Amino acid sequence: MSAVPNAAAKAAVAESLYRRRRLMNHLALGLASAATLFGLFWLVWILWTTLLNGISALAPSLFYEMTPPPGETGGLANAFFGSIVMSLLAIAMGTPIGILAGTFLAEYSRRSWLGETIRFINDILLSAPSIVLGLFVYTLLVKPMGHFSGFAGAVTLAFIVLPVVVRTTDEMLKLVPSQMREAALSLGIPQWKVTVQVLYRSALPGIVTGVLLALARISGETAPLLFTALNNQFWSHDLAAPMASVPVVVFQYAMSPYDSWHSLAWAGAFMVTVFVLAISLIARAIVARRKVAND
Amino acid sequence: MSTSFTTRIAFAGIAALAAVSAQAADITGAGATFVYPILSKWSADYSTKTGNKINYQSIGSGGGIAQIKAGTVDFGSSDKPLDPKELNEAGLGQFPSVIGGVVPVVNLQGVAGGKITFTGPLLADIFLGKITKWNDPAIAAVNAGLALPDGLITVVHRSDGSGTTFNWVNYLSKVSPAWKEKVGEGTSVQWPVGVGGKGNEGVAAYVKQIPGSIGYVELAYALQNKMTYGAMQNAAGKVVQPSRESFQAAAASADWTKAQDFYLIITNAPGDASWPIAATNFILMYKQPKDAARSKAALDFFKWAFEQGKTQAEQLDYVPLPDDLVKQIEAYWQAQIKTG
Amino acid sequence: MSTEHALPAGAIAQRPDALASRSQRDLSADRAFRWLVTGAGIFVLVSLFAAALSMLWGGRAAFSTFGIDFLTTTDWDAVGKKFGALVPIYGTLVTAAIAMIIAVPVSFGIALFLTEVAPPWLRTPVASAIELLAGIPSIIYGMWGLFVFVPVMSTTVIPFLTTHLGPLPIFGPLFQGPPLGIGMLTAGIVLAIMVIPFISSVMREVFLTVPTRLKESAYALGSTTWEVAWNVVLPYTRSAVIGGIFLGLGRALGETMAVTFVLGNAHHLTASLLMPGNSIAATIANEFSEADSDIYVSSLIALGFLLFIVTFVVLAIAKLMLMRLSRREGN
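Procedures and definitions
Residues numbered from 1 in each chain as written. Chains lettered and ligands numbered in written order. Predicted model: local features only at pLDDT ≥ 70, side-chain atom pairs only at ≥ 80, totals over all residues. Heavy atoms only, no water. Pairing = 2+ DSSP bridges. Helix = DSSP H or I, 4+ residues; strand = E, 2+ residues; numbered from the N terminus. UniProt positions renumbered as here; feature names shortened; annotations may be inferred. Contact = heavy atoms within 4.5 Å. Buried area = accessible area lost by both parts, 1.4 Å probe. Salt bridge = Lys/Arg side-chain N within 4 Å of Asp/Glu carboxyl O. Nonpolar A, V, L, I, M, F, W, Y, C, P; charged D, E, K, R; others polar. Buried < 20%, exposed > 50% of the residue type's maximum accessible area, 1.4 Å probe, protein only. Core = buried A, V, L, I, M, F, W, Y, C linked by side-chain atoms within 4.5 Å. 1 Å grid on protein atoms, 1.4 Å probe; cavity = no way out; pocket = protein on both sides within 12 Å on 5 of 7 lines; lining within 4 Å. Points joined across faces, edges and corners; volume = space filled by probe spheres on them. Phe/Tyr/Trp six-rings, centres within 6.5 Å; stacked < 30°, edge-to-face > 60°. Axes fitted to C-alpha atoms, helices over the stretch in contact; angles between N-to-C directions. Left-handed = near helix turned anticlockwise from the far one by under 90°. Expected span 1.5 Å × (residues − 1). Arc of directions from axis to C-beta.

1. Remarks on the sheet that holds strand S10 (residues 231–233) of chain B
Hydrogen bonds between backbone atoms are what pair the strands of a sheet, whose relative direction is either parallel or antiparallel.
Thinking step 1. Taking strand neighbours across the sheet as the criterion, the 3 strands line up as S5-S10-S11 (chain B) in an open arrangement whose pairing is mixed. Because the sheet does not close on itself, it has two edges, and the strands there are strand S5 (117–118) and strand S11 (239–240) of chain B.

2. Section: the UniProt feature "transmembrane region" (unreviewed entry) in chain A
Residue and element names in this part refer to chain A.
Thinking step 1. UniProt feature "transmembrane region" (unreviewed entry): in the numbering of this structure it lies at residues 27–48, 79–108, 120–141, 147–166, 198–218 and 264–287.
Thinking step 2. Along residues 147–166 one finds 85% helix and 0% strand; the C-alpha atoms at either end are 31 Å apart.
Thinking step 3. Taken end to end, residues 198–218 has its terminal C-alpha atoms 30 Å apart, with 100% of it in helix and 0% in strand.

3. Section: the interface of chain A and chain B
Thinking step 1. With 41 residues of chain A in contact, the opposing surface of chain B contributes 40 residues.
Thinking step 2. Carbon and sulfur atoms supply 64% of the area that chain A and chain B bury against each other, a total of about 3600 Å² over both sides.
Thinking step 3. Linking chain A to chain B there are 1 salt bridge.
Thinking step 4. Where B:Lys41 meets A:Glu72, a salt bridge forms, and the shortest distance between an N and an O atom there is 2.2 Å.
Thinking step 5. By residue number, the principal contributor to the side of chain A that touches chain B is helix H3 (residues 77–108) of chain A, which donates 6 residues.
Thinking step 6. Classifying every residue of the side of chain A that touches chain B gives 28 nonpolar, 10 polar and 3 charged.

4. Re the interface of chain A and chain C
Thinking step 1. Facing 74 residues of chain A, the contacting portion of chain C comprises 82 residues.
Thinking step 2. Both faces considered, chain A and chain C share a buried interface measuring about 7100 Å² in area, 80% of it formed by carbon and sulfur atoms.
Thinking step 3. Counting the surface chain A buries against chain C, the share from its top three residues, A:Ile46, A:Phe120 and A:Arg284, is 9%.
Thinking step 4. Viewed at the interface, chain C and chain A are joined by 1 salt bridge.
Thinking step 5. Linking C:Glu227 and A:Arg21 is a salt bridge whose minimum nitrogen-to-oxygen distance equals 2.7 Å.

5. Looking at the side chain of B:Ser188
Thinking step 1. Relative to the helices and strands, B:Ser188 is located in the loop between helix H8 (177–182) and strand S7 (195–197).
Thinking step 2. A relative accessible area of 10% places B:Ser188 in the buried class.
Thinking step 3. Those residues in contact with B:Ser188, other than ones at most four positions away along the chain, are B:Gly161, B:Thr165, C:Ala78, C:Val79 and C:Tyr296.

6. Focus: the nonpolar core
Thinking step 1. Ranked by internal contacts, the top residues of the largest apolar core, which has 309 residues, are B:Phe95, B:Phe118, B:Phe127, B:Trp168 and B:Ile214.
Thinking step 2. A total of 15 residues in this core trace back to one element, the largest contributor, which is helix H9 (residues 184–207) of chain C.
Thinking step 3. The contacts of B:Trp168, once residues within four sequence positions are left out, are B:Val102, B:Val103, B:Pro104, B:Leu123, B:Phe127, B:Trp191, B:Tyr216 and B:Ile277.

7. Focus on unusual backbone geometry
All names here are of chain B.
Thinking step 1. The residue Asp261 is not glycine, and still its phi comes out positive at about 50°.
Thinking step 2. Tracing the backbone through its elements, the reader meets Asp261 in the loop between helix H11 (244–253) and strand S12 (278–286).
Thinking step 3. Asp261 gets classed as buried once you look at its relative accessible area, which sits at 7%.
Thinking step 4. Its identity as a non-glycine residue notwithstanding, Asn268 has a phi of 55°, on the positive side.
Thinking step 5. Positionally, Asn268 belongs in the loop between H11 and S12.

8. Side note on the layout of surface pockets
Thinking step 1. Within this model, the second largest pocket holds a volume of roughly 1300 Å³.
Thinking step 2. As for the second largest pocket, its lining consists of 44 residues, of which B:Ala66, C:Ala291, C:Ser293, C:Asp294 and C:Val297 are closest to the centre.
Thinking step 3. Here the lining of the second largest pocket takes 7 residues from helix H3 (residues 61–70) of chain B, the largest share from any one element.
Thinking step 4. Among the residues making up the lining of the second largest pocket, the classes are represented as 22 nonpolar, 12 polar and 10 charged.

9. Examining empty space enclosed by the protein
Thinking step 1. Taken as a whole and judged by the stated rule, the model has 16 cavities of 30 Å³ or more.
Thinking step 2. Every residue lining the largest cavity is counted, 38 residues in all, and those nearest its centre are A:Phe251, B:Thr33, B:Asp160, B:Lys198 and C:Ser289.
Thinking step 3. Elements represented by at least two residues in the lining of the largest cavity include exactly helix H9 (223–226) and helix H10 (246–254) of chain A, helix H2 (36–50), helix H7 (163–175) and helix H9 (199–209) of chain B together with helix H13 (280–287) of chain C.
Thinking step 4. By volume, the second largest cavity is sized at about 340 Å³.
Thinking step 5. In this structure, the second largest cavity is lined by 25 residues; those nearest its centre are A:Ser130, A:Glu221, C:Ser138, C:Arg251 and C:Glu255.
Thinking step 6. Counting residues per element, the ones that place at least two in the lining of the second largest cavity are helix H8 (191–218) of chain A together with helix H7 (120–135), helix H8 (138–164), H9 and helix H11 (225–254) of chain C.

10. Re the packing of aromatic side chains
Thinking step 1. As enumerated under the stated definition, the model contains 48 aromatic pairs over all chains in all.
Thinking step 2. Ring geometry for A:Tyr108 and C:Phe33: centres 6.1 Å apart, planes at 55°, overall tilted. Taken together, the residues span two chains, with A:Tyr108 in helix H3 and C:Phe33 in helix H3 (residues 16–58).
Thinking step 3. Its relative accessible area of 9% is what places C:Phe33 among the buried residues.
Thinking step 4. Ring geometry for C:Phe83 against C:Tyr296: centres 5.1 Å apart, planes inclined by 20°, an arrangement best described as stacked. With C:Phe83 in strand S2 (residues 82–83) and C:Tyr296 in helix H14 (residues 294–328), the pair connects residues that are 213 residues apart, well separated along the chain. Here C:Phe83 and C:Tyr296 have matching classes, each one buried.
Thinking step 5. Through pairs of rings, three or more aromatic residues link up here, namely B:Tyr46, B:Tyr56, B:Phe75, B:Phe95, B:Phe301, B:Phe302, B:Trp304, B:Phe306 and B:Trp333.

11. Some words on the packing of helix H7 (residues 178–186) of chain A against H8(A)
All names here are of chain A.
Thinking step 1. With their axes 10 Å apart at the nearest point, H7 and H8 run at an angle of 145° to one another. The two elements H7 and H8 meet at a crossing, and its hand is right-handed. Contact residues: Met180, Arg181, Ala184 and Leu185 in H7; Gln191, Val194, Val198, Leu199 and Ser202 in H8.
Thinking step 2. Looking at the contact of H7 with H8 residue by residue, the class counts come to 6 nonpolar, 2 polar and 1 charged.

12. So, the pattern of salt bridges
Thinking step 1. Inspection of the entire model under this criterion finds 17 salt bridges over all chains.
Thinking step 2. B:Lys258 is the partner of B:Asp255 in a salt bridge, and the nearest nitrogen-oxygen pair spans 3.0 Å.
Thinking step 3. Using a relative accessible area of 72% as the deciding quantity, one classes B:Lys258 as exposed.
Thinking step 4. Here B:Asp323 ties to B:Lys310 by a salt bridge, and the two come within 2.5 Å at their closest N and O atoms. Residue B:Asp323 is located in helix H14 (residues 323–336), and its partner B:Lys310 is located in helix H13 (residues 310–315); the two are separated by 13 residues in the primary sequence.
Thinking step 5. According to the relative accessible area criterion, B:Asp323 is partly exposed, its value standing at 47%.
Thinking step 6. Because the salt bridges share partners, they merge into one network encompassing A:Glu72, B:Lys41 and B:Asp45.

13. Quick word on the environment of B:Ala279
Thinking step 1. Turning to its location among the elements, B:Ala279 is positioned in strand S12.
Thinking step 2. Apart from the residues within four sequence positions on either side, B:Ala279 is in contact with B:Val98, B:Ile99, B:Gly100, B:Gly101, B:Asn167 and B:Ile266.

14. Regarding H14(B)
All names here are of chain B.
Thinking step 1. An ideal rise of 1.5 Å per residue puts 20 Å on 14 residues; H14 measures up with 20 Å between its terminal C-alpha atoms.
Thinking step 2. For H14, the complete set of buried residues consists of Leu325, Val326, Ile329, Glu330, Tyr332 and Trp333. For H14, the angular spread of the buried residues around the axis is 155°, confining them to a single face. Exposed residues on H14 whose side chains face more than 90 degrees from its buried face are Asp324, Lys327, Gln334 and Ala335.
Thinking step 3. For H14, the elements touching its buried residues are strand S4 (92–106) and helix H12 (292–308).

Here is the structure:
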């Protein structure tokens, strides 16, 4: 380097280095944009396929007619109803326990071995294949009760909801500034009241997002329901009897040889995806509103 | 705030559970995927006629056997019959419900449906990986005049355990000693070669997508997907096309009267017109049920289906049971299954 | 309700005995709440242990019959009742590895785009869209893969790979074989699409936590956007990024429905990525409902237990790496 006394040559080196860095920058940012397009490309492709194949069954009758035998027209009313009932019940069971357990992790067991173990186990539960949970609930509920039931289906889904809610509650409570805790505690407010009235209120949007994400995840579950809720070709609101659900109907119809069933399967799949999209947008709207309020 | 909201939902859920569990339960059956379309059709029609609801769900034959044994359903269904000893140990009775058939399907350019012929040993050798090319002399020998390409054969089999596989390999075991020794028979076997598709639909999709492939599906899938199916040389040495008639002929040629608990697999059936890979689906029920009224309701449904449901079965490419067999089944119900 | 406690002045004004009785009440309420949350935590702990134990219990026949052979042999013969899990274990690891090789750089690119490149008005809609990929039911990935993606693979992508990469000396064998379209590569790509939203959203979230002053100091020194991302943002968030990658990996290991449709489900051990293979979750889903002997059922449940173990090990490695990193950084 020192062998180049010429200022012009030095400038030329700097110029070429500058150009190389700029080129590198453009290249990297270009690749980043390409990666995003890559991700969006699959989304559009998959949604387009679903819409294209399901369009012939996308009619109002989808929502008020029962699942038909092959070759006849019908809808998915009983399946939509079953999915909604089981999902809501799963949320109702999984959310309170999940929030409490998440509170335990974030507020009551910082750096204790019990808390770390639960957090670790919860992470495994988060990525456990759902069919395994289905088998577990089958041995726990279906076999002793002697019949398949919507209730068993809801319990299985609750096991999928639980770890998601635990994790988000844990994370969200940790994000609440500790000044808030200290301020409330220094006023002599008991810890449980601080948790319920200060921390929960502050972490609420995040927790709601977690619950909605859990709902999105269970609305597409097939394998664990097949051995717990089974399915029902008729309208049934009996939680002690087999209950229909959209993913199981989609699975069974998709695997059949009949065109009329195929289009119902794709239409059902499209509705599930739209539902998940709606949930995700609602969740984002809540978080966005919250951010505006904070600023 | 959120907790009080969720508790309210939880209470509403529990209240709903308590309120509705008094409702009369419908009859539940589960098992083979093969009969799911026809049972769903029969059940829908039966429900409009009588108001009784029979809910049948496809969870696979093995699932059907396991669930009836666990007592979680009112009847199970399987494409693979249980032998009388096993039935006896479990306290179960067994009877046929409907007949269908498995057909070989191929993806060969320039070959139309039913124009290529296979023999049992030929199929066994292809699925064993002994015959690897379409222009193999063994294939040409039974297909004189057919232009066979000089291409590799890709075998497509089921990846999931299934009754379709059971009937297919049961037939191959009957006609090929090499198959019987190396692979054997079951709802899923250790395939020497090939790729596995999930369900009939998966096999159909793979065969349609892979040039030079051969697979096996139930007739309805071959017809609905407009696939190139093969003809078969049957036990009598005649070449037959897969159709309701040849399936029916196979069912009729089988001697059901000597079969205890209808334990009979009708592959490689005798008779000039018989399709060699015809298949029967079986229903499993308790002989001494816990709730006799529920078993009676299930049997009433099958009686109606056997007598009034023939057209529906034919529309969906199934073969309804021959009348003699239905009479025999009804006598079996009388003698064996307690209904009140 | 909250006003009662929000004003300490009111509390001071109360008589001492009332104060004492209330602090007594608060104390017991506090204790009850502590028990409640601890109970919920223990419930989570117990339920997973119960699930894992029920798997171990169900699989005990397979483990005791086959012993270590269950892990090291390739036989999967329901008729001869011989079961070895090597093929599904291999397939699970290979497909997950392919998925990560594709998903990690792409997710990094997406996160970079969403935090540094895209105009602000574009960020939220694009982020929502990418996350929507996580919400599509996995059976839809399977059906789309089978009917739409596999034909594209077999007619264009795979012939291209076999002609251009097949003859290479070391990597060649990975890309040889007939253009079936189904197989470990296809399954890996579908898995990659499924885990991209998980990894990219974690990366995006943590990139946003990098203090602005750090980035601005780098910019002030004349760094390009890429140099800031690579030399400042990534080192700062490294541990959380690795956590996100492992979260995606856990999801890829346990995915069932999508994989069964495009993997080919063959119990053969092959070097080529273009050939069909099998995975643990796919084997369970495919065969459980038709398993007709006790040892068969037991072997499938034992596979489920193995998946627990694999996930456990993967997560444990992730946690250890995170702990080591945070210790080195002195946090």
